[in-house]
Amino acid sequence: MSTNRKIGIAVAQMGAVHLRDDRAAVVARLVEMLRDAASRGAKLVVFPELALTTFFPRYWMTEEEAVERFFERSMPNRHVQPLFDIAKEKGVGFYLGYAELTPEGDRFNTSILVDESGRIVSKYRKIHLPGHSDHKVDAPFQHLEKKFFQVGDSGYPVAEAFGTRVGMCLCNDRRWPETWRMMSLQSAEVGVLGYNTPSVNIHWNEPVHLRMSTHLVSLQASAYQNAMWIGAAAKCGSEDGHHMIGGSVIVAPTGEIAARTVTEEDEVIHVCADLSLVEGFREHVFNFAKHRRPEHYRLIVERVGAGEPLPLENI
Ligand code: CDV
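In this text, all values refer to a predicted model and were calculated from it rather than measured experimentally. (Residues numbered from 1 in each chain as written. Predicted model: local features only at pLDDT ≥ 70, side-chain atom pairs only at ≥ 80, totals over all residues. Heavy atoms only, no water.)

1. Things to note about the overall build of the chain
Part 1 of the argument: Per the secondary structure count, the chain includes nine helices and 15 strands.
Part 2 of the argument: On the principal axes, the C-alpha backbone points of the chain span a range of 65 × 50 × 40 Å.
Part 3 of the argument: Buried residues in the chain amount to 55% of all 315 residues.
Part 4 of the argument: Pairs at least 24 apart in sequence give 70% of the contacts found in the chain among residues at least 6 apart.
Part 5 of the argument: Accessible surface computed for the chain: about 14300 Å², of which carbon and sulfur atoms make up 53%. (Helix = DSSP H or I, 4+ residues; strand = E, 2+ residues; numbered from the N terminus. Buried < 20%, exposed > 50% of the residue type's maximum accessible area, 1.4 Å probe, protein only. Contact = heavy atoms within 4.5 Å. Areas by Shrake-Rupley, 256 points an atom, 1.4 Å probe, with all protein chains shown as cover.)

And the structure:
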């Protein structure tokens with residue numbers, strides 16, 4: 001690959017989507033941001049996880065009710081078609097998260113990558129599903145991703161698009177180093193992420209400032225350790241009284257934040273991302289072929305939970 005390659009990356013953060021907001025109103029907001037990003041020279045625009053609806057896993061309901069109200073049966077469909085039309089007209093691609101119902105009746109927390117010609121070039125189904133499947137009657141809200149979604153079956157696909165390689169993930173995935181390493185081992189130079197991160201955690205008591213710092217530290221460390229650009233888009237603000245953190249960012253392979261939102265509303269940030277930074281790190285400190293020692297990493301794929309120390313050898 002040649003040096004001096006650059007790509008215009010934008011992150012389109014979304015403010016709250018309320019229960020009363022229909023798809024047409026939401027898509028109109030996305031269209032406006034897609035146009036804005038294209039006018040600034042972006043080629044790839046990152047939208048949030050479950051971008052078309054409120055973050056519905058916070059509400060207890062049956063699977064059938066959830067499907068009826070919040071899932072997409074096909075993609076594109078008539079509601080989101082304007083996004084695909086603008087993509088083609090303006091030559092700007094996008095990454096979009098939504099709830100997917102398959103023809104077989106399976107349900108996934110899904111995202112798609114659409115190129116500058118308006119074609120879906122890749123699809124990801126969320127692997128690290130947080131939360132629970134039971135009704136937490138005493139909790140102020142639920143986190144029912146384990147009830148409404150199956151664990152994704154896509155692996156971590158890396159798409160050849162936008163003159164580079166793009167890896168995809170969603171929300172909780174960002175906290176797991178395996179996510180980003182799966183992408184960088186496939187030579188992804190850009191990673192895209194959409195998220196909905198509630199400010200209050202019902203599972204343990206985590207101060208709000210730590211919600212933001214664990215989000216940022218995950219992205220900055222992952223960008224550096226995998227020599228990638230990362231574009232991360234929040235859905236944030238207060239959805240019907242349920243607050244979610246903002247802090248959408250574009251992170252450079254140096255681990256530095258190159259752009260960051262300043263509101264908890266719809267907001268576009270963009271960067272002209274220099275891909276030679278990726279090449280530099282991958283030729284030197286993170287030259288995987290030269291320095292990785294997978295024969296010493298077996299536990300990573302053999303064990304799920306933490307266990308006993310390995311027996312000492314060669315002492
Ligand atoms: N949508 C998410 O995956 N949210 C999780 C919360 C529940 C911790 C996150 O990692 O932000």
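Next comes the rest of the write-up.
2. Topic: the sheet that holds strand β8 (residues 164–170)
Picture the strands of a sheet paired through backbone hydrogen bonds; they go either parallel or antiparallel.
Part 1 of the argument: Here six strands make up an open sheet; going across it, the order is β7-β8-β9-β10-β13-β14 and the pairing mixed. On the outer flanks of this sheet lie β7 (158–161) and β14 (257–260), each paired with one strand and no other. When the angles between neighbouring strand axes are averaged without regard to direction, this sheet yields 20°.
Part 2 of the argument: Sheet topology places strand β10 (residues 229–234) next to strand β13 (residues 249–251); three bridges connect them, and they run antiparallel. Within β13, the position partnered with G231 by the bridge is I250.
Part 3 of the argument: Sheet strands touched by helix α5 (residues 177–184): β7, β8, β9 (190–195) and β10. Its angle to β8, the strand with the most contacts, is close to 160°. (Pairing = 2+ DSSP bridges. Axes fitted to C-alpha atoms, helices over the stretch in contact; angles between N-to-C directions.)

3. Some thoughts on the site of the ligand
Part 1 of the argument: Every residue lining the ligand is accounted for by E49, F55, K126, P130, H143, E145, C171, N172, R174, R175, N196 and T197.
Part 2 of the argument: Taking T197, its side chain carries an N or O atom lying 2.6 Å from an oxygen atom of the ligand.
Part 3 of the argument: Across the complex, the protein chains shield 93% of the 320 Å² of accessible surface that the ligand would expose by itself. (Near = heavy atom within 4 Å. Polar contact = N/O pair within 3.5 Å; in protein donor to acceptor, adjacent residues only side chain to side chain.)

4. Section: the UniProt feature "domain: CN hydrolase" (unreviewed entry) in the chain
Part 1 of the argument: Under the feature "domain: CN hydrolase" (unreviewed entry), the UniProt entry names residues 7–277.
Part 2 of the argument: Secondary structure content for residues 7–277 is 25% helix and 29% strand, while the C-alpha to C-alpha distance between its ends is 12 Å. (UniProt positions renumbered as here; feature names shortened; annotations may be inferred.)

5. Topic: the pattern of salt bridges
Part 1 of the argument: According to the stated counting rule, one finds 20 salt bridges in the structure shown.
Part 2 of the argument: D115 is paired through a salt bridge with R119; the nearest N and O atoms lie 3.7 Å apart.
Part 3 of the argument: Residue class for R119 comes out exposed when judged on its relative accessible area of 51%.
Part 4 of the argument: One network of salt bridges, in which partners are shared, links E100, K123, R125 and D153. (Salt bridge = Lys/Arg side-chain N within 4 Å of Asp/Glu carboxyl O.)

6. Description of the side chain of T164
Part 1 of the argument: Topologically, T164 is positioned in strand β8.
Part 2 of the argument: In this structure T164 comes out as buried when scored by relative accessible area, which is 3%.
Part 3 of the argument: With residues up to four places along the chain from it excluded, the contact list for T164 reads R5, I7, A159, E189, V190 and L275.

7. Description of the packing of helix α1 (residues 23–39) against helix α3 (residues 81–90)
Part 1 of the argument: With their axes 9 Å apart at the nearest point, α1 and α3 run at an angle of 10° to one another. The angle between α1 and α3 falls in the class roughly parallel. Along this stretch, α1 crosses α3, giving a crossing that reads as right-handed. Contacts from V27, L30, V31, L34, R35 and A38 in α1 reach P82, L83, I86, A87, E89 and K90 in α3.
Part 2 of the argument: For the contact of α1 with α3, the residue count by class is nine nonpolar, no polar and three charged. (Parallel < 35°, antiparallel > 145°, perpendicular 65-115°, else oblique. Left-handed = near helix turned anticlockwise from the far one by under 90°. Nonpolar A, V, L, I, M, F, W, Y, C, P; charged D, E, K, R; others polar.)

8. A short note on the nonpolar core
Soluble, globular proteins show a tendency: their nonpolar side chains are buried together.
Part 1 of the argument: Within the largest apolar cluster, 47 residues are counted, with the highest numbers of intra-cluster contacts made by L113 and W229.
Part 2 of the argument: For this core, the element with the highest residue contribution is β10, accounting for five residues.
Part 3 of the argument: When neighbours within four sequence positions are excluded, L113 is seen to be in contact with L44, F94, Y95, R119, I120, V121, S122, A159, A161, F162, V166 and M168.
Part 4 of the argument: Core analysis: the next-biggest nonpolar cluster, separate from the first, contains 30 residues, A10, A12, F84 and V114 among them. (Core = buried A, V, L, I, M, F, W, Y, C linked by side-chain atoms within 4.5 Å.)

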